[in-house]
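Structural overview for review
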Amino acid sequence: MCQHQPPCPTADSADREAARLVAHHPEQGWSLLCNGVLVFEDTGELLPDGQVIAPHRPLGTAHVMTAA
């Protein structure tokens with residue numbers, strides 16, 4: 001699998017997005033990480049086992065509401 005030192009996080013670890021980039025296709029909106037995770041520009045992910053991770057973009061400050 002991963003030959004990097006230290007090894008990249010696995011696809012099932014919480015920090016899976018920290019794995020090294022293997023392929024990047026911004027014109028198609030996706031990137032492949034060393035651990036087999038496909039990351040999409042909308043922040044969604046497709047794991048090697050077929051599991052889908054919904055987009056998880058942080059809210060910008062314009063979208064944050066505070067209580068009065």
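These remarks concern the structure in this document. (Residues numbered from 1 in each chain as written. Predicted model: local features only at pLDDT ≥ 70, side-chain atom pairs only at ≥ 80, totals over all residues. Heavy atoms only, no water.)

Within the protein, the regular secondary structure consists of zero helices and five strands. From first element to last, N terminus to C terminus, the protein shows the α and β order β-β-β-β-β. Sequence separation of at least 24 residues holds for 16% of the intrachain contacts in the protein that already meet a minimum separation of 6. Looking at the protein as shown, the accessible area adds up to about 5,200 Å², and 60% of this sits on carbon and sulfur atoms. (Helix = DSSP H or I, 4+ residues; strand = E, 2+ residues; numbered from the N terminus. Contact = heavy atoms within 4.5 Å. Areas by Shrake-Rupley, 256 points an atom, 1.4 Å probe, with all protein chains shown as cover.)

Looking now at the environment of Pro48. Structurally, Pro48 is set in the loop between β4 (45-46) and β5 (52-53). Considered as a pair, Pro48 and Asn35 are 13 residues apart in the sequence and their alpha carbons are 8.2 Å apart. Beyond its immediate sequence surroundings of up to four residues, Pro48 is in contact with Ala11, Asn35, Gly36 and Val37.

Backbone-to-backbone hydrogen bonds pair the strands of a sheet. The strands run either parallel or antiparallel. Strand order in the open sheet formed by five strands is β1-β2-β3-β4-β5, and the pairing between neighbours is antiparallel. Among the strands making up the open sheet, the edge pair consists of β1 (21-25) and β5. Pairing of strand β3 (residues 38-40) with β4 involves two bridges; the strand directions are antiparallel. Note on β4: the bridge partner recorded for Leu38 is Leu46. (Pairing = 2+ DSSP bridges.)

Time to look at the nonpolar core. In a soluble, globular protein the nonpolar side chains are often hidden away together inside. Cys8, Ala11, Ala19, Leu33, Cys34, Val37, Leu47 and Ile53 form the largest nonpolar core, which has eight residues in total. If we ignore the near neighbours within four places in the chain, the residues touching Val37 are Ala11, Arg16, Ser31, Leu32, Glu45, Leu46, Leu47 and Pro48. (Core = buried A, V, L, I, M, F, W, Y, C linked by side-chain atoms within 4.5 Å. Buried < 20%, exposed > 50% of the residue type's maximum accessible area, 1.4 Å probe, protein only.)

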